[in-house]
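Residue-level listing of the chains:
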Amino acid sequence: PKNIANTGVYHRGDTLMALWEGGQPHALDPQTLETRGLSDLGGVLKPGENFSAHPRFDSKTGRMVNFGVVPGLSSTISLFEFNDAFGV
């Protein structure tokens, strides 16, 4: 399916990510909104791995947590925790 990345947006520093439920985030320039392309979040996402459009942030630590689901006969769920922005 085509990556529509139209459900959520995350911005921090020079990082702007358009998010959706069915694939990788799309990286954008936060000033011009020029598309930079799909992001694997610095190698965190494996090929075919999804990243939810609804990350959550811990107000005390600044950490971001999120998940990704790959549906199928043997569906998988991956959990992600980031220290800052999209750095692991």
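Residues numbered from 1 in each chain as written. Predicted model: local features only at pLDDT ≥ 70, side-chain atom pairs only at ≥ 80, totals over all residues. Heavy atoms only, no water.

Draft legend 1. Spotlight on the pairing of strand β6 (residues 64-70). Sheet topology note: the strand β5 (residues 56-57)/β6 ladder contains 2 bridges and is antiparallel. Considered in β6, the bridge of arginine 56 is made with valine 65. Counting the residues between successive antiparallel strands, the hairpin from β5 to β6 contains 6 residues, one of them, glycine 62, with a positive phi of roughly 80°. Judged from the 7 bridges that link them, β6 and strand β7 (residues 76-82) form a sheet pairing that is antiparallel. Looking across to β7, one finds that valine 70 is bridged to threonine 76. Between β6 and β7, which follow one another and run antiparallel, lie 5 residues, and glycine 72 among them has a positive phi close to 160°. (Pairing = 2+ DSSP bridges. Helix = DSSP H or I, 4+ residues; strand = E, 2+ residues; numbered from the N terminus.)

Draft legend 2. Focus on unusual backbone geometry. Of note, alanine 5 is a non-glycine position whose phi angle comes to about 30°, a positive value. Relative to the helices and strands, alanine 5 resides in the segment before β1 (8-12). Given a relative accessible area of 13%, alanine 5 falls into the buried group. Of note, the phi angle at leucine 41 is positive, near 55°, even though the residue is not glycine. The topology assignment puts leucine 41 in the loop between β4 (35-38) and β5. Take leucine 41: its relative accessible area is 3%, and that puts it in the buried class. (Buried < 20%, exposed > 50% of the residue type's maximum accessible area, 1.4 Å probe, protein only.)

Draft legend 3. Inspection of the packing of aromatic side chains at higher detail. Scanning the model with the defined rule gives 4 aromatic pairs in all. The interplanar angle of 10° and the centroid separation of 5.4 Å between the aromatic rings of tyrosine 10 and phenylalanine 57 together place this pair among those described as stacked. Placement of the pair is tyrosine 10 in strand β1 and phenylalanine 57 in strand β5, with a sequence separation of 47 residues. Measuring from ring centre to ring centre gives 5.4 Å for phenylalanine 51 and phenylalanine 80, while their planes differ by 55°; the resulting arrangement is tilted. With phenylalanine 51 in the loop between β4 and β5 and phenylalanine 80 in strand β7, the pair connects residues that are 29 residues apart, well separated along the chain. Just as phenylalanine 51 is buried, phenylalanine 80 falls in that class too. An aromatic cluster of three or more residues is present, and its members are Phe51, Phe80 and Phe82. (Phe/Tyr/Trp six-rings, centres within 6.5 Å; stacked < 30°, edge-to-face > 60°.)

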